[in-house]
Every structure is written in C-alpha cells, then in structure tokens.
Amino acid sequence: MSEDISRRSLLYTASVLGSSAIAGCGSRGDGGGESSTAEGTATPAGGLVFDELALAELTLTEGETLRVTAQVENTAASSIEMEVPLEVGGRRLTTQPIEVGAGKTERVEFTATIETTGTQQVSFGREPVGEVVVRAAWPDRVRDIGAHYYPWYGAPIHDWRDGEWSLESPSTPVLGNYNSADPAVIEQHIDWCRQAGVSWLNVSWWGEYSRHDDRIREDILAHPRASELDWSILYETTGLLGSDPVQIHEEPHRQRFIDDVSYLADTYFSHDSYKHIDDRPVLYVWVGQNLRGDVTATYEAAVEAAGVRPYLITDIIPYSGINTHPIAEAADAVTTYLPYDADGESAAEFTDGLESMYRSWYRAGEYAGVDLVPTAIPGFDDTELTHDPRNNTPLEPTPELYEATGEIARKYADGPVLVTSFNEWYEDTEIEPGEDHGEAYLDVTAETLASAPCEPPAFDGDIFTLTFERLVQESEMNPDVERGRKLSFMLYGLTVRGAGGETVLDTDVGSNTETGEFLLGAYGREGSRDDSWRWLGGERETVVQVPTLPATGTIEITGMAAAEMNVALSVDDKSVAETTVTTQMDTHALSFE
C-alpha cells in the first residue's frame, strides 16, 4: 500500500498551511505556479483572439477527460501557428498546436486527462475558462462504510497551543493545523472519503446552536460538494447530559433529550444528504450505556415529539452483554465506538478479543432483535493530549492493525461498517492522511473494508440459558453507587462436566473465547488478567454458547449471588435443573440429560 500522497501536490508553497490554500481545492484558481506558454512561441496576444471559451463538463471524476472549446480568430495579416497550453490549477496538463490563417476564425477543442482532485481554475493559454470540480473516484464497493467525523479543529472551537492543535496528537496531519470550517479542507476530506470508499460521515454534535452545530449547518452541509456523501449526527451524550450515568426518565435529562431529538429532526433529518438506514434517519448515541432508567419510555416520548422514528445506533461498552444496557431495548443497532479498553493488550490479544466480541454480539443480536454495526480502528493513543489529560495505555496505530480490525469487522457486518475515526487526531484513531502513514489508511479502507467480499459467519455449538429468580440493584449492595446496574450473579468460573464427572469445558469467564461466549445477560469482564470475573444480569436470563454439551452432564457455576435466589438451567428451550445460589463464594451444580 502506498504511503505517499499521490492524488495531488497538497501544498503549493511553505506558506500554504497558514492560508489554508490547499492545492486543487483551496486555491480557487490562485495556483502555485505561473501560467505560461511554450518557450519560443507566440502568445495569444500576438494576433490571436480567443472567444467563447467553454468547459464541456463542469464536474469530472479523476481519470476522465477535460474538454475545452474556444473560437480563435487571427487578426494578423499572416497565418499564425503556435503551441497553446491547457492549464488546470496553475499546472500545465498539455499543449496543443493550432494554426489559423490570416483573417480566419477557427473552432478548436483541447482535451486532457485530469488526475488532480478538487475545485480548480482552468485556463486556455492565458485566458481563464472557468472552474472545474474534479472528484476522487470511488473504489468498487460491496458495503457501506461510515466514519466518525470531528468538526472542532481551529478557532473558535479548538484552538489549543495557540492554534497548533496537532501538538496534542502523536501524529501530524498532512494538512497541518487546519480549520474545520475551511471550504478547502472540507472538499479535501470529501475527496479522501471518496478515494477510501467512505460514503458516510457521522459528525460529532454538542447541542442546539453550539459552535459545532453552527459548523455542521453553515459550513459542512452548506458546502457545494456536501451532497456527495451522507451525513449523520453523533450525539455527544457526556457533553450534553453529563459525564456520569443519568436516569434519563428524570428531569431535566428527559426534556433535554426530547428537545434535542426534536431539534435534530427539524434541522437535519430531512436534509437531502442525511444518512438513512431502512428509510429512517440515523441517530448515533455515543456512550449509550450512560442512559439508565426507563430509556425506552423517554425515547418513545422523543420520537412522538419529533414526529419521526430514527434508526437508532447505540454505542455500548466493549465486551459487555447487549441486553445489559437499557438503551438496547430501544435501539435498532448496537456498536462500540472504541473496541479497545486501554488495558495494555498487545495487538494480537486485542484482535483476538475483537473477533470474539463481534462473534458474540452478532449471535446475540439474533436473540435480542438488534443489528450489529461493527467498528474498525487503526489503533489508539491519547498520550499527547493536554487539554483533557488522561492515563490510558496506547495501542500503537498501524496500517497492519487497521487491516486486521477491518477484516474482523467486515466478517460480522450484514450492513454498514463504521470506522473510528476519520479525524479524531487527539486519540490517534484517524484514517485521514498524516505525515507518518500518508494514504495507507485510505488504501486499507478501500481494499479491506469497502471492496472486499466476505462470507457471513457460521456458528456451531450448543446454547444453554441460566434464568435467575431476581435482579438486584447495584446500589443495594454498594451504597456509593446510585442505582447502577441490575445484577444477579458474580461469575468466577463456568465448567461443563460429562456424565462421569470428566471436564468437557472449563471456560475463562473474564473474556468471550472459543470455549464459551456470553450472548445475553452478562456485563463486561472485570478484575485483572490473572483474576477476572463478570457480573451476570441486566436481564434475568443469561444466554451462553459453548462448543458442545454432552448428552448427559453437569454445568457448574462458581461465584456468589447478588442475593440468595433460585437459578434454573434450560437446554434446548427446556428447563432441566434448578438450584439455589447464595451470597457466599461457592460452586453450584446443575445437571441435565
């Protein structure tokens, strides 16, 4: 994969970054080189008059033919023969000989293949003809690819380090410390998306009439090329409702959410370029697990007030059970914005866990009635961030890691795949070209995500269900937690034994693995690598898939219950055993045959 910026020479001069004049899309005809004619030939002023100059097409795709027509009159007393240049964006594409007899008028046509993308000034000789928009070519696509997009760079929103905001990223954008409102930047981003096969950008939104909102409305969606992509809203939950979990059915959170959805419906959902899935406008809720309480009732109230039912995609904690989050009941699809939990995993450990998580969520979605929208990432590194200091262990971003996560994501995508991110530079998850990797991430997106076919996943194994008598609010066990999760059993170990007591399966409950996958009714892993557990709960039923169950045997669960209660085992939808679990650490056996 090429790591060079091959589409265009991005910067005309060293001063361009300061003026945001990006070659091919920002100059608006103010190119980096002077227009000139071939050496030793006459100029158009030497007796030739150009008239009726016209572009055959005002919009082209790279690799297509630019056609310029003109009427040329020779006002001199003798025949004139000369080479006339055709220039685009200040760069000479070709020269063409013309010969016009004395007093004669000729109709001429110039053609050239154009490879540089963006809005560019065309000149014929020294005569301006007009502007042509040259779009990047789409790759051959077999699936819909979206990417999270951040419009916050540059004054007056993010102007960190006296405008050098990229100092807070481990990587440096090819475009430098750009302003997200710059039309040239927006155009370049659109062309890079087209090149990568990204047809949809999910834009960070921080509320009605916020500066982010202004940029989306006034700069991004108002851009003359915005219609070439689909756009949707990423609802910034922590910025709008607070960083802590909220009881969304309680005021003022309930009314704030209802008002936000109504505003989005009035302002964005009906826009011609707004992203739709199943003929419904997409709404992406970031950190959806923070919405607690009666989420479904609040969401239904928001839908009624807005007069439209969005296709709701919710971001949830990686490796958690889908139905442990109240918002999943209202959602059409689940995803995770950042599948890396920043605990220092190696790239190999991370991709193994990612495969297991998506496999589990894909299967769980069939039971829960929700779609899965997998996410691919190139890595994660927020160690240079100073305006919001953190202490996360980085996962080194590389094209190789991105390709690996892309291969996994596409395997479990019946619909679109999302990329985190197009341009989140502070966390170094961007696929936008940077100085280190050039266009490599764009190439991976096009080749691995957008264009590569994939067979749907196959599932083998047996499924059993543990049904607990009740759920206990986490606050009843820990007064420092306000409401919190709904818990049934703190599971440390799960073992399947055959009729003779032999171990058939001994699974690591701290992670979903080939030895056992928690499809529903289980929270994410907790503890350390050497001592891990997971809470069961969210719903009374916990659904587990294992490679195989013997015809007769025992399932042992080791751990402690949130309160003393009964638990029943069902295999093949038949209740086969029941026992009592207590608040003491113990191993409980449930036999089946």
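The structure this text deals with has already been given above.
The paragraphs below set out a description of the structure included in this document. This one's a predicted model, so the numbers in the text were calculated from it and none came from an experiment.

## Some thoughts on the overall build of the protein chain
Working step 1: What the protein chain contains, in helices and strands, is 10 helices and 32 strands.
Working step 2: Based on the C-alpha atoms only, the size of the protein chain along its principal axes is roughly 110 × 50 × 40 Å.
Working step 3: Relative to all contacts within the protein chain whose residues are 6 or more apart in sequence, the contacts with residues 24 or more apart total 71%.
Working step 4: For the protein chain, the accessible surface area stands at approximately 23,800 Å², while carbon and sulfur atoms represent 42% of it.
Working step 5: Distance between charge centres in the protein chain, computed from 39 positive and 104 negative side chains, equals 3 Å.

## Re the environment of Glu517
Working step 1: Inspection of the secondary structure puts Glu517 in strand 25 (residues 517-520).
Working step 2: In this structure Glu517 comes out as buried when scored by relative accessible area, which is 5%.

## Quick word on the side chain of Thr336
Working step 1: Position of Thr336 among the secondary structure elements: in the loop between strand 17 (333-335) and helix 7 (347-368).
Working step 2: Of note is the side chain of Thr336, whose polar atom sits 3.0 Å from the backbone oxygen of Ile316.

## Things to note about the side chain of Thr119
Working step 1: Note that Thr119 resides in strand 7 (residues 118-124).
Working step 2: We classify Thr119 as buried; its relative accessible area is 7%.
Working step 3: A polar contact of 2.6 Å, which involves the side chain of Thr119, links it to the side chain of Glu187.

## Concerning the pattern of salt bridges
Working step 1: Taken as a whole and assessed by the stated rule, the structure comprises 27 salt bridges.
Working step 2: For Arg390, the salt bridge identified is with Asp388, shortest N-O distance 3.3 Å.
Working step 3: The class of Arg390 is partly exposed, set by a relative accessible area of 36%.
Working step 4: A salt bridge links Arg390 to Glu427, with the shortest nitrogen-to-oxygen separation between them at 2.7 Å. One end of the pair, Arg390, is in the loop between strand 19 (375-376) and helix 8 (399-411); the other, Glu427, is in the loop between strand 20 (417-419) and helix 9 (440-450), and 37 residues separate them in sequence.

## Topic: empty space enclosed by the protein
Working step 1: Taken as a whole, this structure holds two cavities of 30 Å³ or more when the rule is applied.
Working step 2: Looking at the second largest cavity, its volume works out to about 30 Å³.
Working step 3: If you go around the second largest cavity, the residues you meet are Val88, Arg91, Leu93, Ile114, Glu115, Thr116 and Gln120.
Working step 4: In terms of residue class, the lining of the second largest cavity is made up of three nonpolar, two polar and two charged.

## A short note on the nonpolar core
Working step 1: In this structure, Trp231 and Tyr268 are the most contacted members of the largest nonpolar core, which totals 109 residues.
Working step 2: Looking at this core, the element that brings in the most residues is helix 5 (residues 253-269), giving eight residues.
Working step 3: In contact with Trp231, not counting residues within four places along its chain, are Tyr149, Ile190, Trp200, Leu201, Val203, Ile220, Leu221, Ala226, Ser273, Tyr274 and Lys275.
Working step 4: Of all hydrophobic cores here, the second largest spans 34 residues; its members include Val496, Tyr523, Leu549 and Ala561.

## As for unusual backbone geometry
Working step 1: A cis amide bond links Glu251 with the next residue in sequence, Pro252, at an omega value of 5°.
Working step 2: Tracing the chain through its elements places Pro252 in the loop between strand 12 (246-247) and helix 5.
Working step 3: Note that the residue after Thr420, namely Ser421, is joined by a cis bond; omega there is 10°.
Working step 4: At Tyr319, a position not held by glycine, the phi torsion is positive, near 70°.
Working step 5: Judged by relative accessible area, Tyr319 falls into the buried class, the value being 6%.
Working step 6: The phi dihedral of Asp428 is positive, around 60°, even though this residue is not glycine.

## Describing the packing of helix 3 (residues 211-220) against helix 5
Working step 1: Interaxial distance between helix 3 and helix 5 falls to 12 Å at its minimum, and their mutual angle equals 25°. When the interaxial angle is binned, helix 3 and helix 5 end up roughly parallel. Residues Asp213, Ile216 and Arg217 of helix 3 form the contact with helix 5, whose own contacting residues are Tyr263, Thr267 and Tyr268.
Working step 2: Across the contact of helix 3 with helix 5, the residue classes break down as three nonpolar, one polar and two charged.

## Structural notes on the sheet that holds strand 6 (residues 105-113)
Working step 1: The antiparallel open sheet is built from three strands, whose spatial order is 1-3-6. Lying at the two open borders of the sheet, with one neighbouring strand each, are strand 1 (48-55) and strand 6. Averaged over neighbouring strand pairs, the angle between their axes works out to 25° when direction is ignored.
Working step 2: Of the strand pairs in this sheet, strand 1 and strand 3 (residues 65-74) are connected by six bridges, and their pairing is antiparallel. Residue pairing in the sheet places Leu55 in a bridge with Val68 of strand 3.

## Points about the pairing of strand 28 (residues 541-546)
Working step 1: Within strand 28, five of the six residues are buried, which leaves it mostly tucked inside the rest of the structure.
Working step 2: Examined bridge by bridge, strand 21 (residues 462-468) and strand 28 share six bridges and lie antiparallel to one another. Bridge assignment links Asp462 to a residue of strand 28, and that residue is Val546.
Working step 3: Pairing of strand 25 with strand 28 involves three bridges; the strand directions are antiparallel.

Parameters at a glance
Residues numbered from 1 in each chain as written. Predicted model: local features only at pLDDT ≥ 70, side-chain atom pairs only at ≥ 80, totals over all residues. Heavy atoms only, no water. Helix = DSSP H or I, 4+ residues; strand = E, 2+ residues; numbered from the N terminus. Contact = heavy atoms within 4.5 Å. Areas by Shrake-Rupley, 256 points an atom, 1.4 Å probe, with all protein chains shown as cover. Lys, Arg positive; Asp, Glu negative; His and termini not counted. Charge placed at Lys NZ, Arg CZ, Asp CG, Glu CD. Buried < 20%, exposed > 50% of the residue type's maximum accessible area, 1.4 Å probe, protein only. Polar contact = N/O pair within 3.5 Å; in protein donor to acceptor, adjacent residues only side chain to side chain. Salt bridge = Lys/Arg side-chain N within 4 Å of Asp/Glu carboxyl O. 1 Å grid on protein atoms, 1.4 Å probe; cavity = no way out; pocket = protein on both sides within 12 Å on 5 of 7 lines; lining within 4 Å. Points joined across faces, edges and corners; volume = space filled by probe spheres on them. Nonpolar A, V, L, I, M, F, W, Y, C, P; charged D, E, K, R; others polar. Core = buried A, V, L, I, M, F, W, Y, C linked by side-chain atoms within 4.5 Å. Axes fitted to C-alpha atoms, helices over the stretch in contact; angles between N-to-C directions. Parallel < 35°, antiparallel > 145°, perpendicular 65-115°, else oblique. Pairing = 2+ DSSP bridges.

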